[in-house]
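Residue-level listing of the chains:
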Number of protein chains: 2
Amino acid sequence: MNGRFPIAMHIMTLLCTADDYLSSDYMAGSINVNPVLVRKELSNLIKHQLITSREGKNGGYTLSKPATSISLASIYQSVKQGNVLGQAKNQPNPACPIGKQINNHLKDLDNEIEQAMLNKLGTTNLAAFCKKFD
Amino acid sequence: MNGRFPIAMHIMTLLCTADDYLSSDYMAGSINVNPVLVRKELSNLIKHQLITSREGKNGGYTLSKPATSISLASIYQSVKQGNVLGQAKNQPNPACPIGKQINNHLKDLDNEIEQAMLNKLGTTNLAAFCKKFD
DNA sequence: TTAATTGTAATATTTTTTATTACAGTACAA
DNA sequence: TTGTACTGTAATAAAAAATATTACAATTAA
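Owing to the predicted nature of the structure, the values given are computational and were not obtained by experimental measurement. (Residues numbered from 1 in each chain as written. Chains lettered and ligands numbered in written order. Predicted model: local features only at pLDDT ≥ 70, side-chain atom pairs only at ≥ 80, totals over all residues. Heavy atoms only, no water.)

**Details of helix α4 (residues 72-79) of chain B**
And step 1. With six of its eight residues buried, α4 of chain B lies for the most part within the structure.
And step 2. Taken residue by residue, α4 of chain B has Leu 72, Ala 73, Ile 75, Tyr 76, Ser 78 and Val 79 of chain B as its buried positions. (Buried < 20%, exposed > 50% of the residue type's maximum accessible area, 1.4 Å probe, protein only. Helix = DSSP H or I, 4+ residues; strand = E, 2+ residues; numbered from the N terminus.)

**Some words on the protein's contact with DNA strand D**
And step 1. Neighbouring DNA strand D are 28 residues; Ser 24, Ser 53 and Tyr 61 of chain A together with Asn 34 and Glu 55 of chain B lie closest to it.
And step 2. In the interface set of DNA strand D, defined as its atoms within 4 Å of the protein, sugar plus phosphate atoms amount to 74%.
And step 3. The backbone of Gly 3 of chain B places a nitrogen or oxygen atom 3.3 Å from a phosphate oxygen of DNA strand D.
And step 4. Counting residues per element, the ones that place at least two in the surface near DNA strand D are α3 (35-47), β1 (51-54) and β2 (60-63) of chain A together with α3 (35-47) of chain B.
And step 5. Ranked by residue count, the leading element in the surface near DNA strand D is α3 of chain A, at four residues.
And step 6. Taken together, the residues of the surface near DNA strand D sort by class into seven nonpolar, 13 polar and eight charged. (Near = heavy atom within 4 Å. Polar contact = N/O pair within 3.5 Å; in protein donor to acceptor, adjacent residues only side chain to side chain. Nonpolar A, V, L, I, M, F, W, Y, C, P; charged D, E, K, R; others polar.)

**Some details on the environment of Cys 16 of chain A**
All names here are of chain A.
And step 1. Tracing the backbone through its elements, the reader meets Cys 16 in helix α1 (residues 4-17).
And step 2. Judged by relative accessible area, which is 22%, Cys 16 ranks as partly exposed.
And step 3. The spatial distance from the C-alpha of Cys 16 to the C-alpha of Lys 131 is 9.8 Å, given a sequence separation of 115 residues.
And step 4. Apart from the residues within four sequence positions on either side, Cys 16 is in contact with Leu 63, Ala 67, Leu 126, Ala 127 and Cys 130. (Contact = heavy atoms within 4.5 Å.)

**Describing the interface of chain A and chain B**
And step 1. On the chain B side, the residues contacting the 48 residues of chain A number 47 residues.
And step 2. A buried area of about 4,100 Å², summed over both sides, lies between chain A and chain B, and 72% of it is on carbon and sulfur atoms.
And step 3. One can count two salt bridges joining chain A with chain B.
And step 4. Between Lys 120 of chain B and Glu 112 of chain A there is a salt bridge, and its shortest N-O distance comes to 3.9 Å.
And step 5. For the pair chain A and chain B, the interface holds 12 residue pairs in polar contact (both at pLDDT 80 or more).
And step 6. Those elements that place two or more of their residues in the side of chain A that touches chain B are α1, α2 (24-31), α4 (72-79) and α5 (97-121) of chain A.
And step 7. Top element by residues in the side of chain A that touches chain B is α5 of chain A. It accounts for 14 residues.
And step 8. In terms of residue class, the side of chain A that touches chain B is built from 26 nonpolar, 19 polar and three charged. (Buried area = accessible area lost by both parts, 1.4 Å probe. Salt bridge = Lys/Arg side-chain N within 4 Å of Asp/Glu carboxyl O.)

**Regarding the protein's contact with DNA strand C**
And step 1. Every one of the 28 residues lining DNA strand C counts as a neighbour, but Asn 34 and Gly 56 of chain A together with Ser 53, Tyr 61 and Asn 90 of chain B are closest to it.
And step 2. The sugar-phosphate share of atoms of DNA strand C within 4 Å of the protein amounts to 72%.
And step 3. Note that a sugar or linking oxygen of DNA strand C is positioned 3.2 Å from one of the side-chain N or O atoms of Glu 55 of chain A.
And step 4. In the model, a base oxygen of DNA strand C is placed 3.3 Å from a nitrogen or oxygen of the Gly 56 of chain A main chain.
And step 5. Elements with a minimum of two residues in the surface near DNA strand C: α3 of chain A together with α3, β1 (51-54) and β2 (60-63) of chain B.
And step 6. With four residues, the single largest contributor to the surface near DNA strand C is α3 of chain B.
And step 7. Here the residues of the surface near DNA strand C sort into seven nonpolar, 13 polar and eight charged.

**Quick notes on the nonpolar core**
And step 1. Among the nonpolar cores identified, the biggest contains 84 residues, and Ile 75 of chain A together with Ile 75 of chain B are the most heavily contacted of them.
And step 2. Non-local contacts of Ile 75 of chain A, meaning those with residues more than four positions away in its chain, are made with Phe 5, Ala 8, Met 9, Met 12, Leu 50, Ile 70 and Leu 126 of chain A. (Core = buried A, V, L, I, M, F, W, Y, C linked by side-chain atoms within 4.5 Å.)

**Considerations on the packing of aromatic side chains**
And step 1. By the definition in use, this model includes four aromatic pairs over all chains.
And step 2. For the cation-ring pair, Arg 54 of chain A lies above Tyr 21 of chain A, with the distance from its terminal atom to the ring centre recorded as 3.9 Å. (Phe/Tyr/Trp six-rings, centres within 6.5 Å; stacked < 30°, edge-to-face > 60°. Lys NZ or Arg CZ within 6 Å of the ring centre and 35° of its normal.)

**Some thoughts on the packing of helix α2 (residues 24-31) of chain B against α3 of chain B**
All names here are of chain B.
And step 1. Here α2 crosses α3 at 110°, and the two axes come no closer than 9 Å. Classified by the interaxial angle, the pair formed by α2 and α3 is roughly perpendicular. In the crossing of α2 with α3, the sense of the turn from one axis to the other is right-handed. On α3, the residues touching Ser 24, Asp 25, Met 27, Ala 28 and Ile 31 of α2 are Pro 35, Val 38, Arg 39 and Leu 42. (Axes fitted to C-alpha atoms, helices over the stretch in contact; angles between N-to-C directions. Parallel < 35°, antiparallel > 145°, perpendicular 65-115°, else oblique. Left-handed = near helix turned anticlockwise from the far one by under 90°.)

**Observations regarding the pairing of β1 of chain B**
Residue and element names in this part refer to chain B.
And step 1. Of the strand pairs in this sheet, β1 and β2 are connected by four bridges, and their pairing is antiparallel. Each bridged residue has a counterpart across the sheet, and for Ser 53 the counterpart in β2 is Tyr 61.
And step 2. The hairpin formed by β1 and β2 contains five residues between the paired strands, and Gly 56 there has a positive phi angle of roughly 80°. (Pairing = 2+ DSSP bridges.)

**A short note on unusual backbone geometry**
And step 1. A positive phi angle is found at Gln 49 of chain A, which is not glycine, with a value near 60°.
And step 2. For Gln 49 of chain A, the position within the fold is in the loop between α3 and β1.

Pasting the structure below:
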């Protein structure tokens, strides 16, 4: 259970409400995590084309498109890793008829559940989320 | 991202397909994790009244009710801990207007998403899941 | 009364997450 | 043209979480 989604949401909310480029140090101060961790997440959000950056003095980060066209599902997808329902580290015993198959069935289940989550997350966009902060 | 849900599902599937009490050591062998970890999860599943145990020689574990009346949502709920969408370790900066409020809004969002997951998980019961292993 | 088992505590190890340090590269602005 | 405020990223350290191990008391069937 890591903090990547909350951090990404915090970043996106800050950028949504800002009317100019924000620096990673400023955002790290609001989120209260190490600036390098924020920069890594910013880097990831750039890779997923949700934000853009400007280097050099007075540089920083800004949304790459209107907040109304950024769904929370796309933010989730940019930070997601592994299974929503978790994952056992070891392979189950292949000599056991249950062990042999269960990973496939659990993976199918995980996909279904993740889809349900994404559907729900897809009903809200960043602009709507930010309205809550008025 | 821990393995508690997969392990609990593996346990429940084994008990569902067994026609007698199963020992924690046998289950640990199928799951391929440490027996003590399995016993801890068994202990938790007992606490949530999904299974029962019998001590002593020829002891073990069995389902406490028909597999058709055990929904996957109840299994999920018995192992769940913390937020589905994750959680940042540090408190955001309370001096920041976003930082001050974001945890509440993220918690609301988390609740919504968890509910969507539970709704979906609630559409399947253990018996149906076990049918896949035929 | 022995052997197989549950139940649980204490501790160790491994893995993951987060923090820190360091510094090269970029661009604004005096 | 030089200093300063940034981005970007690598390497390492520290902290936290997950899993494994050891140990043993309590229970019960045979």
